[in-house]
Amino acid sequence: MYATNYHRASSVADAVKLQSSSDEAKYVSGGMTLIPTMKQRLAAPSDLVDLRHIAEMKGISVNGSRVRIGAATTHYEVSTSAELKAACPAISHLAAHIGDPHVRHMGTIGGSIANNDPAADYPSAMLALGATIVTNAREVAAEDFFTGLFETALEAGEIVVAVTFDAPAKAGYAKFPNPASRYAMAGVFVAKAGNGSVRVAVTGAGSNGVFRHAGLEAALAANWSADAASGVDVDASDLLSDLHGSAEYRANLVKVMAKRAVAAA
Amino acid sequence: MAKVAMTVNGRKVSKECEGRTLLVHFLRDTLSLTGTHIGCDTSQCGACVVHMDGKAVKSCSMLAAQAAGAEILTIEGLAANGELHPVQAAFKANHGLQCGFCTPGMVMTAVDMINRYGAKLNEQTVRENLEGNICRCTGYHNIVKAILAAAEDMGAAGRQAAE
Ligand SMILES: Cc1cc2nc3c(=O)[nH]c(=O)nc-3n(C[C@H](O)[C@H](O)[C@H](O)COP(=O)(O)OP(=O)(O)OC[C@H]3O[C@@H](n4cnc5c(N)ncnc54)[C@H](O)[C@@H]3O)c2cc1C
Ligand code: FES
Ligand code: FES
């Protein structure tokens, strides 16, 4: 790892200030993506600004149907929160299957969505739940937030502070994990809102990152059942092909994961 | 270089280290606590697992500075008064190790899962919670057996103490 200077921020304002004092500074939350990347010398921030101890970025609250998860909340906390399990068990289930227990004790929802790994789990939940990404500067709809492979709408120095969404009437998540890394080879999050509208988001499979699937949405809006998902045509042409699986293989996985997600919802 | 202070196995320590120093290097090289192992360069094997503020973490995937102010527990801190911790004793009794390289991480992971699940721990939960720990020797069966035995032991001990 190249040399770096560590700073611990005490508030969001403090973090922004620390970050802006160097051109090559980066935020670190759980570090479960960033530290391994620095160890491989694929990232070399001159300064690291630690967000993990900022109280205003932590915790889960459910107000009526409105859910808010602080960006520095760990995967472990999301997977075990009683409030969240009551309001949206699908997201707790998703968090419980990220990586392994040690990764879940450190990794955060804010770090995961800021990183927008095309095989990460959370981006699919954000898109399917129609979540809002709250930053230190503005609120961005998930739809506009995830812009491509490892790309987001975040400006330099902008911090994800929290995510908010309305608890769905029904939701489910199923992923086919890569047997070595546990990242999704295909993961599908299905959600039916209180007003009956259906959103389906797919991670791990798209060649341009997480995306919504119009065909699955229409089929499930007409008939919320695993059978309805079976009849949908999943086009392989925009899907990833790599050593783990071909685009055609992933197209089939998307359909199977959609069926499992509906069955779990 | 900056001063990093934390509590390791109940003892307060404060040492100079670089910003980039990993917690595992701080433990092994600065504090000479070589029980915590390094088995991979990809954050996947779990040989380096320690507890930070009561939760299992991979000490190879965090900086010592990130742990400043925290309570760290390593494999060296488990045995008390010369007696093996029940999880260590169960690994010995159930032949839960062969070469022993993965064992410190396995034991720390086992203690963490027993803390979280207590008496509710079953074989499937144990296997799921070993997701982040790789063993090249045992084939895992005896590790799972040892963890379940220790969980039962510790549950029994807890019940006895409560009676
Ligand atoms: C062995 C292993 C297995 C894993 N398996 C999975 C898996 O199955 N599924 C999955 O989804 N993920 C997986 N991960 C990744 C894990 O979920 C990470 O925790 C997550 O991707 C990043 O979160 P973090 O808090 O650790 O972020 P960090 O590593 O601290 O940061 C990641 C990036 O986001 C930036 N950042 C962090 N927080 C913020 C913020 N609040 N605002 C703005 N920018 C920010 C950082 O500057 C950095 O560029 C795995 C990781 C490991 C090591
Ligand atoms: S040495 Fe830490 S996970 Fe392998
Ligand atoms: S006992 Fe040898 S690696 Fe596990």
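Criteria and thresholds
- Residues numbered from 1 in each chain as written.
- Chains lettered and ligands numbered in written order.
- Predicted model: local features only at pLDDT ≥ 70, side-chain atom pairs only at ≥ 80, totals over all residues.
- Heavy atoms only, no water.
- Helix = DSSP H or I, 4+ residues; strand = E, 2+ residues; numbered from the N terminus.
- Rg over C-alpha atoms; globule rule 2.2 N^0.38 Å.
- Buried < 20%, exposed > 50% of the residue type's maximum accessible area, 1.4 Å probe, protein only.
- Contact = heavy atoms within 4.5 Å.
- Buried area = accessible area lost by both parts, 1.4 Å probe.
- Salt bridge = Lys/Arg side-chain N within 4 Å of Asp/Glu carboxyl O.
- Polar contact = N/O pair within 3.5 Å; in protein donor to acceptor, adjacent residues only side chain to side chain.
- Near = heavy atom within 4 Å.
- Areas by Shrake-Rupley, 256 points an atom, 1.4 Å probe, with all protein chains shown as cover.
- Domains from an automatic or database assignment.
- Core = buried A, V, L, I, M, F, W, Y, C linked by side-chain atoms within 4.5 Å.
- Pairing = 2+ DSSP bridges.
- Axes fitted to C-alpha atoms, helices over the stretch in contact; angles between N-to-C directions.
- UniProt positions renumbered as here; feature names shortened; annotations may be inferred.
- Arc of directions from axis to C-beta.
- pLDDT = per-residue confidence, 0-100.
- Nonpolar A, V, L, I, M, F, W, Y, C, P; charged D, E, K, R; others polar.

*Asks:* Describe the overall build of chain B, naming the residues involved and giving the relevant values.
*Replies:* Looking only at helices and strands, chain B has 5 helices and 5 strands in total. Along its sequence from the N terminus, chain B presents helices and strands in the succession β-β-α-β-β-β-α-α-α-α. Since a compact globule built from 163 residues should have a radius of gyration of about 15 Å, the 16 Å found for chain B is in line with a globular shape. Split into buried and exposed, the 163 residues of chain B put 50% on the buried side.

*Asks:* Describe in detail the interface of chain A and chain B, supporting the description with residues and values.
*Replies:* Often the size quoted for an interface is simply the accessible area lost on bringing the parts together. Contacts between the two partners involve 30 residues from chain A and, on the opposite side, 28 residues from chain B. Counting the surface lost from both chain A and chain B, the interface buries some 2,300 Å², and carbon and sulfur atoms represent 57% of this. Among the residues chain A hides against chain B, the three largest losses belong to A:Lys39, A:His102 and A:His105. Together they make up 28% of the total. Put simply, A:Lys39 and B:Asp41 hold a salt bridge, and the shortest N to O gap is 3.9 Å. Where chain A touches chain B, the interface holds 12 residue pairs in polar contact (both at pLDDT 80 or more).

*Asks:* Quick rundown of the site of ligand 1? Include the residues and the values.
*Replies:* Within the structure, ligand 1 sits among 32 residues, and A:Tyr27, A:Ser29, A:Gly31, A:Leu34 and A:Thr108 are positioned closest to it. Ligand 1 sits at the junction of chains A and B, each of which supplies nearby residues. For ligand 1, an oxygen atom lies 2.8 Å from a polar atom in the backbone of A:Met32. Within the side chain of A:Thr108, one N or O atom sits 2.6 Å away from an oxygen atom of ligand 1. Here ligand 1 loses 94% of its free accessible area of 970 Å² to cover by the protein chains. Secondary-structure elements contributing two or more residues to the shell around ligand 1 are β2 (25-28) and α7 (109-115) of chain A.

*Asks:* Any details on the domain arrangement of chain A? Residues and values, ideally.
*Replies:* Residues and elements named next belong to chain A. The assigned domain composition of chain A is domain 1 (5-50), domain 2 (55-166) and domain 3 (170-264). Of note, the centres of domain 1 and domain 2, computed from C-alpha atoms alone, are 19 Å apart. Across the contact, 10 residues belong to domain 1 and 12 residues belong to domain 2. For the pair domain 1 and domain 2, the summed buried area comes to about 870 Å², and 70% of that belongs to carbon and sulfur atoms. For the interface between domain 1 and domain 2, the tally reads 0 salt bridges. In terms of residue count, helix α1 (residues 12-20) provides more of the side of domain 1 that touches domain 2 than any other element does, 4 residues in total.

*Asks:* An account of the nonpolar core is needed here, citing residue identities and associated values.
*Replies:* With 49 residues, the main nonpolar core has A:Met57, A:Ile69, A:Ile91, A:Ile113, A:Tyr122, A:Met126 and A:Phe189 as its most contacted residues. Top element by residues in this core is helix α8 (residues 122-128) of chain A. It accounts for 5 residues. Counting residues in each nonpolar core, the second largest holds 35 residues, with B:Leu23, B:Met62, B:Ala64 and B:Ala70 among its members.

*Asks:* I'd love a proper account of the sheet that holds strand β13 (residues 198-203) of chain A, names of residues and values included.
*Replies:* Residue and element names in this part refer to chain A. Here 4 strands make up an open sheet; going across it, the order is β11-β12-β13-β14 and the pairing antiparallel. Looking at which strands have only one partner, the edges of the open sheet turn out to be β11 (170-177) and β14 (211-212). Where β11 meets strand β12 (residues 184-192), 8 bridges bridge the pair, whose relative direction is antiparallel. Considered in β12, the bridge of Lys-170 is made with Lys-192. Against the sheet, helix α10 (residues 214-222) touches β12, β13 and β14, its axis set at about 145° to β13. Against the sheet, helix α12 (residues 247-264) touches β11, β12 and β13, its axis set at about 40° to β12.

*Asks:* Tell me what's going on with the pattern of salt bridges, and back it up with residues and numbers.
*Replies:* This model, assessed by the stated rule, comprises 13 salt bridges over all chains. Sharing partners across several salt bridges, the network here consists of A:Glu143, A:Arg199, A:Arg212 and A:Glu217.

*Asks:* If you had to explain the UniProt feature "domain: FAD-binding PCMH-type" (unreviewed entry) in chain A to someone new, which residues and values would you point to?
*Replies:* The UniProt record annotates "domain: FAD-binding PCMH-type" (unreviewed entry) at residues 1-170 of chain A. Within the segment residues 1-170 of chain A, helix and strand shares are 35% and 24% respectively, and the terminal C-alpha atoms sit 45 Å apart.

*Asks:* How would you explain the sheet that holds strand β10 (residues 160-166) of chain A if you had to name every residue and give the values?
*Replies:* Residue and element names in this part refer to chain A. As summarised here, the arrangement of the 5 strands in space is β4-β5-β10-β6-β7, forming an open sheet in which the pairing is antiparallel. The sheet is open, and its two borders are formed by β4 (60-63) and β7 (139-141), each paired with just one other strand. For this sheet, the mean inter-axis angle between neighbouring strands, taken without regard to orientation, is 20°.

*Asks:* How would you summarise helix α1 (residues 23-30) of chain B if you had to cite specific residues and measurements?
*Replies:* All names here are of chain B. Residues of α1 that are buried include every one of Leu-23, Val-24, Phe-26 and Leu-27, and no others. What you see down the axis of α1 is that its buried residues fit within an arc of 165°, all on one side. Just downstream of α1 lies Ser-32, where phi reads positive at about 60°.

*Asks:* Any details on the confidence of the model for chain B? Residues and values, ideally.
*Replies:* Residue-level pLDDT values for chain B average 95, and 95% of them are 70 or greater. Both scores are available for the predicted complex, with the pTM at 0.96 and the ipTM at 0.95.

*Asks:* Report on the domain arrangement of chain B, specifying residues and quantitative values.
*Replies:* All names here are of chain B. Assigned domains of chain B: these are domain 1 (2-77) and domain 2 (86-162). When each unit is reduced to the centre of its C-alpha atoms, the spacing between domain 1 and domain 2 is 22 Å. Taken as a group, His-37, His-51 and Ile-75 account for 40% of the area that domain 1 buries against domain 2, more than any other trio of residues on that side. Inspection of the domain 1/domain 2 interface yields 0 salt bridges. If you list the elements that add at least two residues to the side of domain 1 that touches domain 2, you get β3 (49-52) and β4 (55-58). Of all the elements, β4 adds the most residues to the side of domain 1 that touches domain 2, at 3 residues. A per-class count over the side of domain 1 that touches domain 2 returns 7 nonpolar, 8 polar and 2 charged.

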